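Overview (structure and organization)
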Amino acid sequence: MEHTPSRAMPGATLPAAYLTAETSSFTDFLRAQAPHLLPGNLGGVGEPVRARHASELNPQPPHGTTIVAVTFDGGVLIAGDRRATSGNLIAQRDMEKVFVTDDYSAVGIAGTAGLAVELVKLFTLELSHYEKIEGVSLSLDGKTNKLATMVRGNLDVAMAGLAVLPLFVGFDLHAQDPAKAGRIVSYDVVGGRYEERAGFHSVGSGSLFARSALKKLYDPGSDAATAIRHAVEALYDAADDDSATGGPDLARKIYPSVVTITAADGAVQLPEEEAAEVAESVVTARSSQPRG
Amino acid sequence: MTMPLYASPEQLMRDRSEYARKGIARGRSVVALKYSGGVLFVAENPSTALHKVSEIYARIGFAAAGRHSEYESLRRGGIRHVDLWGYANDPRDVSARQLAIVYAQTLASMFTDQLKPFEVEICVAEVGATPEGDQLYRLTYDGSIVDEPQFLAMGGQVEPISSTMKETYQEGMSLREAVLFAVKALSSGTSGNGDNGQGVGKLEVAVLERSRPRRAFRRIEGAALAALLPAEADQSDEATEGEPVDPKPEKGSEES
């Protein structure tokens, strides 16, 4: 695929490279045609402006905090708190950190918010681009592999203190046992991907507390509603002990965001009213029994 | 001493047009039309794997007739263009009108600059927030662009199909009515097409559905398609292994 200087503009013809490129990856296409649009230094051209270290930045760029993922009978869910922090300050109270990336997958993000949101945006586009070009969607392992490559591409920036950690959940349409088709895949900053076979996982600053809570609550045979309740409980526990994680904010009506993935409905965001209901019942229960 | 071959520009263009038109007429037909819930594409296509109709963007669909390799490269180029455009700006800045103009320019330059013109006719459609916002563009091999108000037919024997459509088209058809209408129109073009001589062959059906929240494009295949077709035309299409038929949105499309 050769680089053509003229990008397609309204009223101009499609450049030859658009018609002949053999890649079905949008990132590869972007790297050849418009490297300046790539997030981080995935482009690898020119001299990237390197942050010497993120700690020198003042104020600190916003950080996303806690994400939890839980499998249940016939699906999987991912949930996140809504807080982004900048150093000791709350940068945003109602940030969305859980994204539906295609019909059967979703990604939650922890780490430097600006880079992470951009990463998910590109990942979502990558999946739909592949699906449109090839006529079939990527396999679940293909999706997780693509995401690993993207995280690895961010390594230089991560070394400077601006790490991005996604947590991937997906429903495997080709699974032998549809009850166990919900899968969780976690990543590290160098792009390592790890299948979480335990059935639950958490990333971000409050993940230690959320994971401990889930360890006691998790039940592989539970239904979606119970799993949602468990996830919100775990986020509550994370917020309880981690100052960077936001708990349900009943006064401002900010509740954790939850995405469930099942065979029948695909990946869907839990409606705000239902999230509110779960969050309120968790808060009420904790007011009589603070330790859950 | 030999004289260089000379052909007048008019002659050259005429020859190219004729060449492209013949190539397109050899293929099978595709129709696209507006119905109450969005835009419907119906193509005669014996293959379940090589598509004539496909998704370009969240609210934009594409249908083509003619030579597969050529419209396939246009389709891929179009997807790359809109995905890049939507990524650099915002998904809302991508429009069928803009894509159609880019396609028209591309086809026009192919027609005039290249030895062999593209033997394709393509349709770009967009579903809007309201029926008034639906758009249907037809692009021909020489880069002409037509904004069709209601329906279009491309490829194969177009005249009988268009005249049937012109006679019976109504505004605001339901999906079921629109599919029946399209099948009837297609079958009027198949006589003497060298096919089995009776009715239409395997169908590829897809819709851009206004009621679908994110990506409007949906293929109708397998059982969902059989339920829409008249009983006597036994369409034993097997569902391709692509997306499973989503049972949820059909309810919406039935009532719309």
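Treat the numbers as computed from the prediction; the structure is a model and nothing was measured.

It is the rolling of a water-molecule-sized probe over the atoms that shows where space remains empty. Considering only enclosed or pocket space, the second largest pocket measures out at about 710 Å³ in volume. If you go around the second largest pocket, you meet 27 residues; those closest to its centre are Thr 124 and Leu 125 of chain A together with Tyr 57, Ala 58 and Pro 91 of chain B. Every element with two or more residues in the lining of the second largest pocket is listed here: β6 (98–102) and α3 (113–134) of chain A together with β3 (53–57) and α2 (68–88) of chain B. The greatest single-element share of the lining of the second largest pocket, amounting to seven residues, is contributed by α3 of chain A.

Further remarks concern the packing of aromatic side chains. Residue and element names in this part refer to chain A. Throughout the structure, instances matching the rule amount to ten aromatic pairs over all chains. Between the aromatic rings of Phe 123 and Phe 168, the centroid separation amounts to 6.3 Å while the plane-to-plane angle is 80 degrees, which identifies the pairing as edge-to-face. Here Phe 123, found in helix α3, pairs with Phe 168, found in strand β8 (residues 164–171); they are 45 residues apart in sequence, far enough to count as distant. Considered together, Phe 123 and Phe 168 belong to a single accessibility category, that of buried residues.

This part is about helix α4 (residues 140–153) of chain A. Between its first and last C-alpha atoms α4 of chain A spans 20 Å; for 14 residues at 1.5 Å apiece the expected length is 20 Å, and the two agree. For α4 of chain A, the complete set of buried residues consists of Leu 140, Gly 142, Lys 143, Thr 144, Leu 147, Ala 148, Met 150 and Val 151 of chain A.

Pairing between side chains of opposite charge can happen when the charged atoms of each approach one another. In this structure the tally under the stated criterion is 30 salt bridges over all chains. Note that Arg 82 of chain A and Glu 96 of chain A form a salt bridge whose closest N and O atoms lie 3.6 Å from each other. Within this pair, whereas Arg 82 of chain A is found in the loop between β3 (75–80) and β4 (84–86), its partner Glu 96 of chain A is found in the loop between β5 (89–92) and β6, the two being separated by 14 residues in sequence. Across the salt bridge formed by Lys 146 of chain A and Glu 126 of chain A, the nearest N and O atoms sit 3.5 Å from each other. Pair noted here: Lys 146 of chain A is in helix α4 and Glu 126 of chain A is in helix α3, with a separation of 20 residues, a long-range link. For Lys 146 of chain A, a relative accessible area of 22% gives the class partly exposed. According to the relative accessible area criterion, Glu 126 of chain A is buried, its value standing at 0%. Among the charged side chains, a salt-bridge network with shared partners connects Arg 26, Arg 67, Glu 70, Lys 116 and Glu 119 of chain B.

All names here are of chain A. The residues that UniProt annotates with the feature "active site" (unreviewed entry) are Thr 65. Locating Thr 65 in the fold gives a position in the loop between β1 (63–64) and β2 (67–72). Those residues in contact with Thr 65, other than ones at most four positions away along the chain, are Asp 81, Arg 83, Thr 85, Lys 97, Ala 110, Val 203, Gly 204, Ser 205, Ala 244 and Thr 245. Among the polar contacts listed, one links the side chain of Thr 65 to the backbone oxygen of Arg 83, at a separation of 3.4 Å.

Residues and elements named next belong to chain A. Here we have five strands laid out as an open sheet, ordered β11-β2-β3-β12-β13, and antiparallel in their pairing. Edge strands, defined here as strands with exactly one partner in the open sheet, are β11 (200–203) and β13 (266–269). Geometrically, the sheet is characterised by an average inter-axis angle of 15 degrees between neighbouring strands, direction not taken into account. Pairing of β2 with β11, which is carried by four bridges, proceeds in the antiparallel orientation. What sits directly across from Val 68, in β11, is Ser 202. Here helix α6 (residues 207–217) sits on the sheet and contacts β2 and β11; the angle it forms with β11, its principal contact strand, is near 165 degrees.

Parameters and conventions
- Residues numbered from 1 in each chain as written.
- Chains lettered and ligands numbered in written order.
- Predicted model: local features only at pLDDT ≥ 70, side-chain atom pairs only at ≥ 80, totals over all residues.
- Heavy atoms only, no water.
- 1 Å grid on protein atoms, 1.4 Å probe; cavity = no way out; pocket = protein on both sides within 12 Å on 5 of 7 lines; lining within 4 Å.
- Points joined across faces, edges and corners; volume = space filled by probe spheres on them.
- Helix = DSSP H or I, 4+ residues; strand = E, 2+ residues; numbered from the N terminus.
- Phe/Tyr/Trp six-rings, centres within 6.5 Å; stacked < 30°, edge-to-face > 60°.
- Buried < 20%, exposed > 50% of the residue type's maximum accessible area, 1.4 Å probe, protein only.
- Expected span 1.5 Å × (residues − 1).
- Salt bridge = Lys/Arg side-chain N within 4 Å of Asp/Glu carboxyl O.
- UniProt positions renumbered as here; feature names shortened; annotations may be inferred.
- Contact = heavy atoms within 4.5 Å.
- Polar contact = N/O pair within 3.5 Å; in protein donor to acceptor, adjacent residues only side chain to side chain.
- Pairing = 2+ DSSP bridges.
- Axes fitted to C-alpha atoms, helices over the stretch in contact; angles between N-to-C directions.

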